[in-house]
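Working through the structure, step by step
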Amino acid sequence: MAIIELKQVSKLFGSGSQQAQRLLDEGWTKEKLAKEKQLVLAVNRVSLQIGEGEIFVIMGLSGSGKSTLVRLLNRLIEPSAGDILVRGQAITQMNASELRELRRKTIGMVFQKFALLPHRTVLSNVEFGLEIQGVPKKERREKALQSLQLVGLDNWADKMPDELSGGMQQRVGLARALANDPEVLLMDEAFSALDPLIRRSMQDELLELQLKMKKTIVFITHDLDEALRIGDKIALMRDGAVVQVGTPEEIMINPANEYVERFVEDADLSKVLTAEHVMRRPETIAPDRGPRVALQLMREVGISNLFVVDRQQLLIGVISADDAAEAMRANKTLNEVVNRDVPTVSPQTVLNDLFELCGTSRVPVAVVNDAGRLVGVIVRGAVLGALAGQIPGKEANADDPETAS
């Protein structure tokens, strides 16, 4: 369900920008508008839907229009044309009072600059927005402390901003935005001023926070790795227009045009593709079946291992051809010889985290969901095959000893 929807939204800077839509409809380019009308086209007829509870990343190079676009979402910048809907309500039709209420209750914002008040404590900085709204002191203090606790800074409430590191100051800015408990959080290059290690740490913390908060986050960045790492959806902008919208995987695997292809060509696929892209259908057997049945199934499919699951598809372990043959000779059941020490990963595990596991495991890696059910198997060579350009999830060749399970 979309919480924010943009319909043909444009923004031109300069006198006479009200004729924007007509000129754009007539096919005027950014260059022609600048040369003949002295108009700067910052956002060019953007249509987007931002889903509730997702991290939606808007990215592009400097001058692509991404920061202008995010400021249109709460009307810090007025659009020249188009409609912007928040929960179905057109914010372009709101009066000043309604707009203030929108910014207080529905849409919060975290800027690149921390903008902390140096003469106020950390707690007082977080309270500031609530104080301006006239929230009683006790209530705003409780909310501010809760926000600081969310970002892990409740023990620093009485410190001054200059006693904090850059990353900690940015977390104070985030806590200040969260204190209002907004439905939507706009983050304009919020981590770009931080050192690389601190930036990576803040990305991790944002993802952890999102698990608790489940907010709708619109995140602006020029960093592809950052977008791929945190985004549920990515909109890639160029010259004010959105050239592609999709999941990180969709943008990496199926770039919409040559520009997107060039943009993502140096990105590390191993940090984007996940286990569910390379897993194949598991061959399974119930624990009450005999070792002869297991061996017959392995011969039919041309594999050397079967996964043992119960009737609910919960993973019990794995049985090899050698183990099944030994069970026959010793007159044992599958339950008695099953190997329960099976490496497992979730469907969302990125390939970068699978290299060592797949390289050292003597059996295929099992992919299990949150309930412990077996949903797939990763055979040797599948990870490297996907990174080499093979179709993710393609069935392995059972005759290839490097890929057969």
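Computed from a predicted model, the values in this text were never measured in an experiment.

For helix α4 (residues 96-106), the complete set of buried residues consists of Leu99, Leu102 and Thr106. Relative to the axis of α4, the buried residues are bounded by an arc of 80° and lie together on one face.

Let's shift gears to the layout of surface pockets. In this structure, the largest pocket spans a volume of roughly 790 Å³. Taken together, 24 residues make up the lining of the largest pocket; nearest its centre are Leu228, Arg229, Lys271, Val272 and Val350. Secondary-structure elements contributing two or more residues to the lining of the largest pocket are α8 (196-213), α9 (224-230) and α10 (248-253). The class makeup of the residues in the lining of the largest pocket is 5 nonpolar, 7 polar and 12 charged.

Below, the discussion takes up the pairing of strand β13 (residues 315-320). In the sheet, strand β12 (residues 305-309) pairs with β13 via 5 bridges, with the strands oriented antiparallel. Note that in β13 the partner of Leu306 across the bridge is Ile319. Hairpin remark: β12 followed by β13, antiparallel, with 5 residues in the connecting loop; positive phi at Gln313, about 70°.

On to the sheet that holds strand β5 (residues 89-90), then. Strand pairing in a sheet relies on backbone hydrogen bonds, with the paired strands running either antiparallel or parallel. Pairing is antiparallel across the open sheet formed by 4 strands, whose spatial order is β2-β1-β4-β5. Unpaired on one side and paired on the other, β2 (40-51) and β5 mark the two borders of the sheet.

This next bit is on the pattern of salt bridges. Evaluation of the coordinates by the stated rule reveals 20 salt bridges. Put simply, Glu127 and Arg140 hold a salt bridge, and the shortest N to O gap is 3.1 Å. One end of the pair, Glu127, is in helix α5 (residues 122-132); the other, Arg140, is in helix α6 (residues 137-150), and 13 residues separate them in sequence. Arg140 carries the same exposure label as Glu127, and that label is buried. Linked through salt bridges whose partners overlap, the residues forming this network are Glu52, Arg87 and Glu183.

Now for the side chain of Glu249. Examined against the element boundaries, Glu249 turns out to sit in helix α10. Despite its burial, Glu249 pairs with no opposite charge; the closest candidate is Lys233, at 10 Å N-O. Excluding anything up to four places from it in sequence, Glu249 contacts Asn254, Val272, Leu273, Thr274 and His277.

Here the focus is the packing of α5 against helix α7 (residues 166-178). Between α5 and α7, the least distance of the axes is 7 Å, while the angle of their chain directions is 35°. Crossing handedness for the pair α5 and α7: right-handed. Residues Val122, Asn125 and Val126 of α5 lie in contact with α7, whose contacting residues are Val172, Ala175 and Arg176. For the contact of α5 with α7, the per-class residue count stands at 4 nonpolar, 1 polar and 1 charged.

This paragraph deals with the UniProt feature "domain: CBS" (unreviewed entry) in the chain. The UniProt feature table records "domain: CBS" (unreviewed entry) at residues 278-334 and 338-395. Between the end C-alpha atoms of residues 278-334 the distance is 28 Å, and the span holds 40% helix and 23% strand.

Let's shift gears to the packing of α7 against α8. With their axes 11 Å apart at the nearest point, α7 and α8 run at an angle of 25° to one another. Classified by the angle their axes make, α7 and α8 are roughly parallel. For α7 against α8, the interelement crossing comes out right-handed. Of the residues in α8, those touching α7 at Gly167, Gln170, Arg171, Leu174 and Leu178 are Ile198, Met202, Glu205, Leu209 and Met213. Each residue belonging to the contact of α7 with α8 can be placed in one class, and the counts come to 6 nonpolar, 2 polar and 2 charged.

Inspection of the secondary structure assignment puts Leu194 in the loop between β7 (184-188) and α8. Using a relative accessible area of 9% as the deciding quantity, one classes Leu194 as buried. The spacing of Leu194 and Ala227 is 33 residues in sequence and 16 Å in space, taken between C-alpha atoms.

This brings us to the domain arrangement of the chain. For the chain, the domain assignment lists domain 1 (49-269) and domain 2 (276-388). Taking only C-alpha atoms into account, the centre of domain 1 sits 42 Å from that of domain 2.

Let's shift gears to the packing of aromatic side chains. Applying the stated criterion across every chain yields a total of 2 aromatic pairs. Both rings, one in Tyr259 and one in Phe263, keep their centres 5.9 Å apart while their planes meet at 55°; by these two values the pair is tilted. Here Tyr259 and its partner Phe263 are both found in helix α11 (residues 258-264), 4 residues apart, which amounts to about one turn of the helix. Sitting over the face of the ring of Phe13, Lys11 holds its NZ or CZ atom 5.0 Å from the ring centroid.

With that settled, the discussion passes to the pairing of strand β3 (residues 55-59). The element β3 is largely enclosed, with a buried count of 5 among its 5 residues. Of the two faces of β3, the one holding Ile55, Val57 and Met59 and the one holding Phe56 and Ile58 are both buried throughout.

Turning our attention to the environment of Lys7. On the secondary structure map, Lys7 appears in strand β1 (residues 2-13). We classify Lys7 as partly exposed; its relative accessible area is 38%. Here the alpha-carbon distance between Lys7 and Val46, two residues 39 residues apart in the chain, equals 6.6 Å. In this view, Lys7 contacts Val46, Ser47, Gly82, Asp83 and Leu85; residues no more than four positions away in its chain are not counted.

About the criteria used
- Residues numbered from 1 in each chain as written.
- Predicted model: local features only at pLDDT ≥ 70, side-chain atom pairs only at ≥ 80, totals over all residues.
- Heavy atoms only, no water.
- Buried < 20%, exposed > 50% of the residue type's maximum accessible area, 1.4 Å probe, protein only.
- Helix = DSSP H or I, 4+ residues; strand = E, 2+ residues; numbered from the N terminus.
- Arc of directions from axis to C-beta.
- 1 Å grid on protein atoms, 1.4 Å probe; cavity = no way out; pocket = protein on both sides within 12 Å on 5 of 7 lines; lining within 4 Å.
- Points joined across faces, edges and corners; volume = space filled by probe spheres on them.
- Nonpolar A, V, L, I, M, F, W, Y, C, P; charged D, E, K, R; others polar.
- Pairing = 2+ DSSP bridges.
- Salt bridge = Lys/Arg side-chain N within 4 Å of Asp/Glu carboxyl O.
- Lys, Arg positive; Asp, Glu negative; His and termini not counted.
- Contact = heavy atoms within 4.5 Å.
- Axes fitted to C-alpha atoms, helices over the stretch in contact; angles between N-to-C directions.
- Left-handed = near helix turned anticlockwise from the far one by under 90°.
- UniProt positions renumbered as here; feature names shortened; annotations may be inferred.
- Parallel < 35°, antiparallel > 145°, perpendicular 65-115°, else oblique.
- Domains from an automatic or database assignment.
- Phe/Tyr/Trp six-rings, centres within 6.5 Å; stacked < 30°, edge-to-face > 60°.
- Lys NZ or Arg CZ within 6 Å of the ring centre and 35° of its normal.

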